[in-house]
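A look at the structure
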Amino acid sequence: MNARQSPADTEVCDVREVLDLVADKWSLYVVSNLSDGPRRFNELKRAVQGVSQRMLTVTLRRLERDGILTRTVHEVMPPHVTYRLTPLGTSLLHAAAPLIAWSSDHLAEIASARAEHDRSQGLESPTVGARS
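The following refers to the structure shown.

Turning to the environment of L92, a few remarks are in order. Tracing the chain through its elements places L92 in helix 5 (residues 87-105). When the C-alpha positions of L92 and V22 are compared, they lie 8.4 Å apart, and in sequence the two are 70 residues distant. Contacts of L92, omitting those with residues within four sequence positions, involve V22, L28, V31 and I68.

Structural data, given as structure tokens:
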């Protein structure tokens, strides 16, 4: 906090950082894919469609740093790593579950609204979920 920032300003910045974490393109998708228990990197890579290996690595490191998941290295041959939600991550999943369900329930409506908007603007309309 600098000399001109109040404690309230600092808290707003901190809250914004946490919201950036959970609003990240991949974070909630990763968290939701860990809901059934620990998963290995390649399992997550297959489950989180469209994520690059690098972006998944960055997302996992960020979630680990923030206490949302744990990374466990298993000393077997060959060694492997699993990721598991922490209690904090589980609470995030419970908080985000209604948003995830809403998103899934309204995909068709959103796609229709986008297509209509784009038609009215004379634009081509990619489908919801299309990757750029």
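So that's the structure; there's more coming.
With that settled, the discussion passes to the sheet that holds strand 3 (residues 80-85). Spatial ordering of the open sheet is given by 1-3-2, a layout of three strands whose pairing is antiparallel. If you trace the sheet from one side to the other, it starts and ends with strand 1 (39-40) and strand 2 (69-74), each paired once. Of the strand pairs in this sheet, strand 2 and strand 3 are connected by six bridges, and their pairing is antiparallel. By the bridge assignment, T72 is partnered in strand 3 with T82.

Before going further, it helps to examine unusual backbone geometry. Between M77 and P78 the backbone carries a cis peptide bond, its omega angle lying at -10°. Secondary-structure assignment places P78 in the loop between strand 2 and strand 3.

This paragraph deals with the pairing of strand 3. Sheet topology places strand 1 next to strand 3; two bridges connect them, and they run antiparallel. Among the inter-strand pairings, R40 is bridged to a residue of strand 3, identified as T82. The antiparallel pairing of strand 2 with strand 3 creates a hairpin that spans five residues between the two strands.

What counts as what
- Residues numbered from 1 in each chain as written.
- Predicted model: local features only at pLDDT ≥ 70, side-chain atom pairs only at ≥ 80, totals over all residues.
- Heavy atoms only, no water.
- Helix = DSSP H or I, 4+ residues; strand = E, 2+ residues; numbered from the N terminus.
- Contact = heavy atoms within 4.5 Å.
- Pairing = 2+ DSSP bridges.

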